[in-house]
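Structural overview
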Amino acid sequence: MLRVAIDGPGGTGKSTIAKAAAERLGLEYIDTGAMYRSIALKSIRNGVDAENEPEVVKMLEGTTIDFNDNRVYLDGEDVSGLIRTNEISMTASTISKLGPVRAKLDEVSRHIASVKNVVMEGRDIGTAVIPDAEVKIFMTADPNVRAKRRYEQLLAQGKPADICRIREEIEKRDYQDSHREINPLKQADDAIFMDTTEMSIEENIEAVCEAIESSGRA
Ligand code: DC
C-alpha cells in the first residue's frame, strides 16, 4: 500500500507536480479539489447558495462524483473542462466549509485510497482524509509567485488576466481555506515541507519523486 498525501494552498502547482510524479511512479493521481469544484458547479447550475447548508444538503442527495483516467464525473457527466474558472474556485472554497460536503467527499476520497495506490492532492489529505498516509508533503510558494504563474498560464491560453485581481483572489482563498472550522488547510506535523517559490517544475517533480522513493514504499 502506498498513499501519498500532497497538501497546500491554491496555485502552488500542486496539481501539475502531483500528476507528473504519479505518472512517473505508476500511481493513481487523485485531485480532490476537482470534487469540490464539481459540487460548486452543480450549486451554480442549480441556483443553490453555496453558504446555505440545508439547500446544499438537499442538492447532495443522489449526487455522485467519480474519477476515471484523470477525468472527474459529476452525476455521470465529464465536467473536467468546466471547473477551472475563477467563479468555480471561489465557490468551491466557500462550499468546502460545509460539514456535509466535506463528509461526503472524504468518504469518496477514502474509498479510492483504500483500493488504489494514490498520489492524492488537496488541503486536508495528510491531516484528515488519510492521516496515516505513507508519505506526506506540504507544498507552498510565495503568493506573488503563485499570482505570476497563474497570470502567465492565462496569457498562454489567450485568456484575459489581471495580475492584481489574481493576487487578491489568491489571498482571499488562502484565508478562507486556512480559517474554516472543519479541517482547515494546515501542515501535518509529520509532512515534508516544500517551498516551491524558487523551484522549476522539473525540480519540483524530482523533489516529490525523491521524497516518495526515499520512503522505501515506491
Ligand atoms: O485545489 P483546488 O484549488 O482545485 O481546490 C478548490 C477548493 O476546494 C479549495 O479552495 C478548497 C477546497 N478543497 C478542500 O477544502 N479540501 C480539499 N481536500 C481540496 C479542495
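Note: the structure precedes this text.
What comes next is a walk through the structure. Worth saying up front: this structure is predicted, and the values here are computed from it rather than measured.

Here the focus is the site of the ligand. Near the ligand lie 16 residues; those nearest to it are Arg 37, Arg 102, Arg 173, Asp 177 and Arg 180. Between Arg 173 and the ligand, the recorded distance is 2.8 Å, taken from a side-chain N or O atom to an oxygen atom. If the ligand stood free it would expose 440 Å²; the protein chains cover 97% of that surface. The element contributing the most residues to the shell around the ligand is helix α2 (residues 32-45), with four residues. Class assignment for the residues of the shell around the ligand results in three nonpolar, five polar and eight charged.

Looking now at the sheet that holds strand β4 (residues 71-74). Pairing within the open sheet is antiparallel, and its three strands lie in the order β3-β4-β5. Both edges of this open sheet fall to β3 (65-68) and β5 (77-78), since each of them pairs with a single strand only. The pairing of β4 with β5 spans two bridges and is classified as antiparallel. Paired with Tyr 73 across the strands is Asp 78, a residue of β5.

Definitions and limits used
Residues numbered from 1 in each chain as written. Predicted model: local features only at pLDDT ≥ 70, side-chain atom pairs only at ≥ 80, totals over all residues. Heavy atoms only, no water. Near = heavy atom within 4 Å. Polar contact = N/O pair within 3.5 Å; in protein donor to acceptor, adjacent residues only side chain to side chain. Areas by Shrake-Rupley, 256 points an atom, 1.4 Å probe, with all protein chains shown as cover. Helix = DSSP H or I, 4+ residues; strand = E, 2+ residues; numbered from the N terminus. Nonpolar A, V, L, I, M, F, W, Y, C, P; charged D, E, K, R; others polar. Pairing = 2+ DSSP bridges.

In short, shape yes, function no, at least from these values alone.
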